[in-house]
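Summary of the model geometry
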Amino acid sequence: MLHRLTTQVGIVGAGPAGLLLARLLQVNGIDAIVIENRSREHVIDRVRAGVLEHGTVTLLTALGVGAGVRRGGLRHDGVHISFRGHRHHIDLAGLTDGKGITVYGQNEVVRDLIDARVATGAPLYFEAAHVEVRGLESSPEIRFRHGDDEYEVRCDFIAGCDGFHGICRQAFPEGVLTIYERAYPFGWLGILAEAAPSSDELVYTYHDRGFALFSMRSPTITRLYFQVAPDESIEQWSDHAIWEEMLRRMTTSDGWQPSVGPILQKSVTPMRSFVAAPMRHGRLFLAGDAAHIVPPTGAKGLNLAASDVLVLGRALKGFYQAGRTDWLAEYSETCLRRVWKAQRFSWWMTSTLHRFPDETAFDHQRQLADLDYLTGSRAAMTSLAEQYVGLPFEVPLESAGLPV
Ligand SMILES: Cc1cc2nc3c(=O)[nH]c(=O)nc-3n(C[C@H](O)[C@H](O)[C@H](O)COP(=O)(O)OP(=O)(O)OC[C@H]3O[C@@H](n4cnc5c(N)ncnc54)[C@H](O)[C@@H]3O)c2cc1C
């Protein structure tokens, strides 16, 4: 059976970008249909980012979905940088007028947003197959199959929130997009372990054997990573070998090290920087990973998705409530200003903290000097702190119809 539906905004993808946009539109009385190709369980169980910037937490609260992060989020006022066996503390809050970061799993953010949408009965289709977007220049349409039925959704605009491997960016006509890309000669081997975090704050380590990161997801779950070759096979790593390497890289001269526990999940993630510009073609707008990817060192991926959505939400509100088209026209340029600053920061964190296969002895000493300078200069620490807690959004929350 064919179902013909009509809405104002068709959203492809129920990751953080799609769900946040759906919520922002709902708050402003704008209709949307969200179409996701995976199951609800898969979307909620996917383990990904975990660090929320100060502004992202403010946005979740303003959207009325901040109860989970207030209850379960771990607020951090600082971060450690470790090298030559010593941990150096960076006082994020002291250097940024009280701002910090909050550790709260992306899967929890997604769960909160799905629960909130389902509770209102607003349309959200999981397990949509053969999703296609058409008519981008004049009369947008999304088609998909759901169970045995076909759906045709006519809308004014399409939001492509379908991540890096989605179909929306691919739907741009040839020659429209410029791609900026950098692949790194390493990946991260990451684990989730059932072990109480042995530090209240994240520890970024530069070690002779390569980068390592100590983080956490909850008071009982530790999340750890270390640098490996980009094509490293996870099967080569026994749990014992993973712990041995983690401890070798992270243990500091004062005896600090992560607590060891059963490994619940392990994987290898390649690292890349990627930007597709412009982020709009006709009536199709890309947001989040569909348009850009950052290496996870700066913890910016999910936060950038949130800031794109704020800009897009404002533009759509301006269009529907005041007939404005200028904010829609400026969407890509406005987002890309913040995207490029986050790209630069993520590249800098990555370049400073990893060992490179082709590096010279000079490069190694320069990296150590960079870290020495960073941890010894209030100006350098302030620069890191203001970027790590998150640069201001490009548009104020109230311009998108949200309370401050
Ligand atoms: C393995 C991994 C680990 C990561 N770790 C970190 C981290 O530690 N720190 C950090 O800051 N960032 C991390 N990131 C990045 C961060 O998770 C992303 O930036 C964030 O998920 C972006 O949200 P999004 O909504 O734009 O995209 P996504 O979360 O990718 O959501 C896109 C959604 O669209 C759906 N979709 C795809 N194709 C279609 C289609 N054809 N039709 C319908 N739906 C479709 C997908 O199933 C998905 O639900 C990680 C990413 C990955 C992949």
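Just so we're clear, the structure is a prediction, and the values are computed from it rather than from any experiment.

Here's the deal with the overall build of the protein
In terms of helices and strands, the protein carries 12 helices and 21 strands. Oriented by its inertia axes, the alpha-carbon framework of the protein measures out at about 65 × 45 × 45 Å. Every one of the 404 residues in the protein was classed for burial, and the buried ones make up 56%. A fraction of 73% describes how many contacts in the protein between residues 6 or more apart in sequence connect residues 24 or more apart. If you sum the accessible surface of the protein, you get close to 16,800 Å²; carbon and sulfur atoms cover 50% of it. Separation between the mean location of the 40 positive side-chain charges and that of the 47 negative ones in the protein comes to 3 Å.

A few points about the sheet that holds strand β18 (residues 263-277)
Strands sit in the order β7-β6-β15-β16-β17-β14-β18-β21 across an open sheet of 8 strands; the sheet is mixed. Two strands in the sheet have a free side with no partner beyond their single neighbour: β7 (86-90) and β21 (292-293). Bridging between strand β6 (residues 79-83) and strand β15 (residues 203-207) involves 4 bridges; their strand directions are parallel. Paired with His 80 across the two strands is Val 203, which belongs to β15. Strands β14 (178-194), β15, β16 (210-218), β18 and β21 of the sheet are contacted by helix α10 (residues 331-353), whose axis makes an angle of about 130° with β18.

Examining helix α6 (residues 106-120)
An ideal rise of 1.5 Å per residue puts 21 Å on 15 residues; α6 measures up with 22 Å between its terminal C-alpha atoms. Those residues of α6 that sit buried are Gln 106, Asn 107, Val 109, Val 110, Asp 112, Leu 113, Ile 114, Ala 116 and Arg 117. Following α6 by one or two positions, Gly 121 has its phi on the positive side, about 75°.

Observations regarding the packing of aromatic side chains
Overall, the coordinates contain 19 aromatic pairs when judged by the stated rule. Here Phe 144 and Tyr 151 contribute two aromatic rings whose centre-to-centre distance is 4.9 Å and whose plane-to-plane angle is 5°, an arrangement assigned as stacked. The class of Tyr 151 is buried, set by a relative accessible area of 10%. Residues Tyr 180 and Trp 340 carry aromatic rings whose centres are separated by 5.4 Å and whose planes lie at 90° to one another, so their mutual orientation is edge-to-face. Taken as a pair, Tyr 180 in strand β14 and Trp 340 in helix α10 lie far apart in primary sequence, 160 residues in all. Residue classification places Trp 340 among the partly exposed residues on the basis of a relative accessible area of 39%. Through a chain of ring-to-ring contacts, the aromatic side chains of Phe 157, Phe 285, Phe 319, Tyr 320 and Tyr 331 assemble into a single cluster. Lying across the ring of Phe 157, Arg 283 places its NZ or CZ 5.1 Å from the centre. The cationic tip of Arg 314 hangs over the ring face of Trp 327; the distance from NZ or CZ to the ring centre is 4.1 Å.

Rules used throughout
- Just so you know, the residues in each chain are numbered from 1, in the order the chain's sequence is written.
- Reporting in this predicted model follows two pLDDT cut-offs: at least 70 for local features of residues, and 80 or more for side-chain atom pairs to be given and counted; totals over whole chains, interfaces and linings ignore these cut-offs and use all residues.
- For side-chain calculations, the full set of non-hydrogen atoms in the structure is used, while hydrogens and water are omitted.
- Each helix is a run of H or I in the DSSP string that is no shorter than four residues. Each strand is a run of E no shorter than two, and both are numbered from the N terminus.
- Here the term buried applies to any residue with accessible area under 20% of the maximum for its type, exposed to any over 50%, and partly exposed to those in between, with areas from a 1.4 Å probe on protein chains only.
- Whether two residues are in contact is decided by their heavy atoms, any of which lying within 4.5 Å being enough.
- What sets the accessible areas is the Shrake-Rupley method with a 1.4 Å probe; for residues, cover comes only from the shown protein chains.
- Positive charges are assigned to Lys and Arg, negative charges to Asp and Glu, while His and the chain termini are left out of the count.
- Note that the charge is assigned to NZ on lysines, CZ on arginines, CG on aspartates and CD on glutamates.
- Pairing between strands is defined by DSSP: at least two bridges between them are needed.
- Every angle, taken between N-to-C directions, lies between 0 and 180 degrees, and every axis is a line fitted to C-alpha atoms, over only the stretch in contact when it is a helix.
- One fewer than the residue count of a helix, multiplied by 1.5 Å, yields its expected span.
- In this analysis, rings of Phe, Tyr and Trp, with Trp reduced to its six-membered ring, are considered paired at centre separations within 6.5 Å, and the interplanar angle assigns stacked below 30 degrees, edge-to-face beyond 60, and tilted for intermediate values.
- Two thresholds decide whether a charge sits over a ring: the Lys NZ or Arg CZ must be within 6 Å of the ring centre and within 35 degrees of the ring normal.

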